[in-house]
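Observations on the three-dimensional arrangement
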Amino acid sequence: MNTEFLSEAEIGARYPGEWVLVKNAEFDEQWRVTRGIVAAHSPEREVIDTAQQQMTEESGNLARLCFKKWPKDVAILL
């Protein structure tokens, strides 16, 4: 089981182009993820949805991060 706390920047560097589920997430005053433990990662959002549904309340705060590159002329609604 992974217990390594990583910053948001470290998570993005390790999992570029992927969706990431973070447990025990910590947030700043604007509710942006500052650090946490990677619970799951995948290029497919559906994998992260399934992983989140399987997590228990013992996981603490959960957050999803997306490190995909989007075209500049595309609007994304998550």
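Below: a short report on this structure. (Residues numbered from 1 in each chain as written. Predicted model: local features only at pLDDT ≥ 70, side-chain atom pairs only at ≥ 80, totals over all residues. Heavy atoms only, no water.)

1. Quick word on unusual backbone geometry
Backbone geometry at Asn-24 places phi at a positive 50°, although glycine is not the residue there. In this fold, Asn-24 is placed in strand S2 (residues 19-27). Backbone geometry at Trp-31 places phi at a positive 65°, although glycine is not the residue there. Looking at where Trp-31 falls in the secondary structure, it is placed in the loop between S2 and strand S3 (33-42). (Helix = DSSP H or I, 4+ residues; strand = E, 2+ residues; numbered from the N terminus.)

2. Focus on the pattern of salt bridges
When the charged atoms of two side chains lie near each other, side chains of opposite charge can form a pair. Scanning the entire structure with this criterion turns up 5 salt bridges. Its salt-bridge partner being Arg-35, residue Glu-26 comes within 2.9 Å of it at the nearest N-O pair. Relative accessible area serves as the criterion here: at 35%, Arg-35 is assigned to the partly exposed category. The salt bridge partner of Arg-64 is Asp-49, with a shortest N-O separation of 2.5 Å. Taken together, the residues Arg-64 in strand S4 (residues 62-66) and Asp-49 in helix H2 (residues 45-54) connect sequence positions 15 residues apart. According to the relative accessible area criterion, Asp-49 is partly exposed, its value standing at 22%. In this structure, a network of salt bridges that share partners links the residues Arg-45, Asp-49 and Arg-64. (Salt bridge = Lys/Arg side-chain N within 4 Å of Asp/Glu carboxyl O. Buried < 20%, exposed > 50% of the residue type's maximum accessible area, 1.4 Å probe, protein only.)

3. Considering the pairing of S3
One ladder, built from 3 bridges, connects strand S1 (residues 5-7) with S3; its direction is antiparallel. Across the sheet, the residue bridging to Phe-5 is Ile-37, located in S3. Judged from the 7 bridges that link them, S2 and S3 form a sheet pairing that is antiparallel. Bridged to Trp-19 within S3 is Ser-42. Taking the residues that link successive antiparallel strands as the turn, the S2-S3 hairpin has 5 residues, and the phi of Trp-31 there is positive, at about 65°. (Pairing = 2+ DSSP bridges.)

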